[in-house]
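# Structural overview for review
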Amino acid sequence: MNASLFLIACGVGAIVYRRTKTTQQSSVGPAASGDLVAAVTAAAATLLLLAFLFGVGDGSSIGAEPAPPKESAVSSAPPAR
């Protein structure tokens, strides 16, 4: 589940990166590139939102009762000298 949410967030980031490329390309200037900061921000926001909606956690069960503590053997005999 966590991996699928991460892949979705990466896909959203890639789409944002491709959509923010400048359309003005000149033969003299460098190749057009996307806005990396916007792409990373969109991916992080997507991951945060999906994790909140799907309740992704660490895999531990919620509401499980903790195991009872082990009782130590108690002896009524005095300690050896």
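Just above sits the structure.
Just so you know, these numbers come straight off a predicted model, no measurement behind them. (Residues numbered from 1 in each chain as written. Predicted model: local features only at pLDDT ≥ 70, side-chain atom pairs only at ≥ 80, totals over all residues. Heavy atoms only, no water.)

## Concerning the overall build of the protein chain
Just so we agree on the cut-off: Think of it this way: any DSSP run of H or I at least four residues long counts as a helix, any run of E at least two long counts as a strand, and we number them from the N terminus. Each residue is placed in one exposure class: buried if its accessible area under a 1.4 Å probe, protein chains only, is under 20% of its type's maximum, exposed if it is over 50%, and partly exposed if it falls in between. By the convention used here, residues are in contact when the closest approach between their heavy atoms is within 4.5 Å. Here the open area of atoms and residues is found with the Shrake-Rupley method and a 1.4 Å probe, where only the protein chains shown may cover a residue.
When you go through the protein chain residue by residue, the secondary structure sums to 2 helices and 0 strands. Every one of the 81 residues in the protein chain was classed for burial, and the buried ones make up 11%. Within the protein chain, contacts between residues at least 6 apart in sequence are counted, and of these 54% link residues at least 24 apart. For the protein chain, the accessible surface area stands at approximately 7300 Å², while carbon and sulfur atoms represent 63% of it.

## Describing the side chain of Thr-46
For Thr-46, the position within the fold is in helix H2 (residues 36-54). In this structure Thr-46 touches Ala-9 and Val-12, once residues within four positions along its chain are discounted.

## A short note on a nonpolar patch on the surface
We count it as follows: Patch membership requires over 30% relative accessible area and the absence of a salt bridge. Like charges are linked within 9 Å, and nonpolar side chains (Val, Leu, Ile, Met, Phe, Trp, Tyr) within 5 Å. What counts as a salt bridge is simple: a side-chain nitrogen of Lys or Arg found within 4 Å of a carboxyl oxygen of Asp or Glu.
Among the surface-exposed residues, Met-1, Leu-49, Phe-52, Leu-53 and Phe-54 lie close enough to one another that they form a single nonpolar patch of about 630 Å² accessible area. Relative to the assigned elements, Leu-49 resides in helix H2.

## Concerning the packing of helix H1 (residues 2-19) against H2
Rules: What counts as an axis is a line fitted to C-alpha atoms, over the stretch in contact for a helix, and the angles between N-to-C directions run from 0 to 180 degrees. These descriptions rest on fixed angle ranges, namely under 35 degrees for roughly parallel, over 145 for roughly antiparallel, 65 to 115 for roughly perpendicular, and the rest for oblique. Helix crossings fall into two classes, left-handed where the near helix is turned counterclockwise from the far one by less than a right angle and right-handed where it is turned clockwise. Classification convention: Asp, Glu, Lys, Arg as charged; Ala, Val, Leu, Ile, Met, Phe, Trp, Tyr, Cys, Pro as nonpolar; all other residues, Gly among them, as polar.
Where H1 meets H2, the closest approach of the two axes is 8 Å, and the angle between their N-to-C directions is 150 degrees. The pairing of H1 with H2 is recorded here as roughly antiparallel in orientation. When the axes of H1 and H2 are compared, the crossing they make is right-handed. Touching Leu-5, Phe-6, Ile-8, Ala-9, Val-12, Gly-13, Val-16 and Tyr-17 of H1 are Leu-36, Ala-38, Ala-39, Ala-42, Ala-43, Thr-46, Leu-47, Leu-50, Ala-51 and Phe-54, all from H2. Across the contact of H1 with H2, the residue classes break down as 16 nonpolar, 2 polar and no charged.

Note that all results are geometric; they support no functional claim without further evidence.
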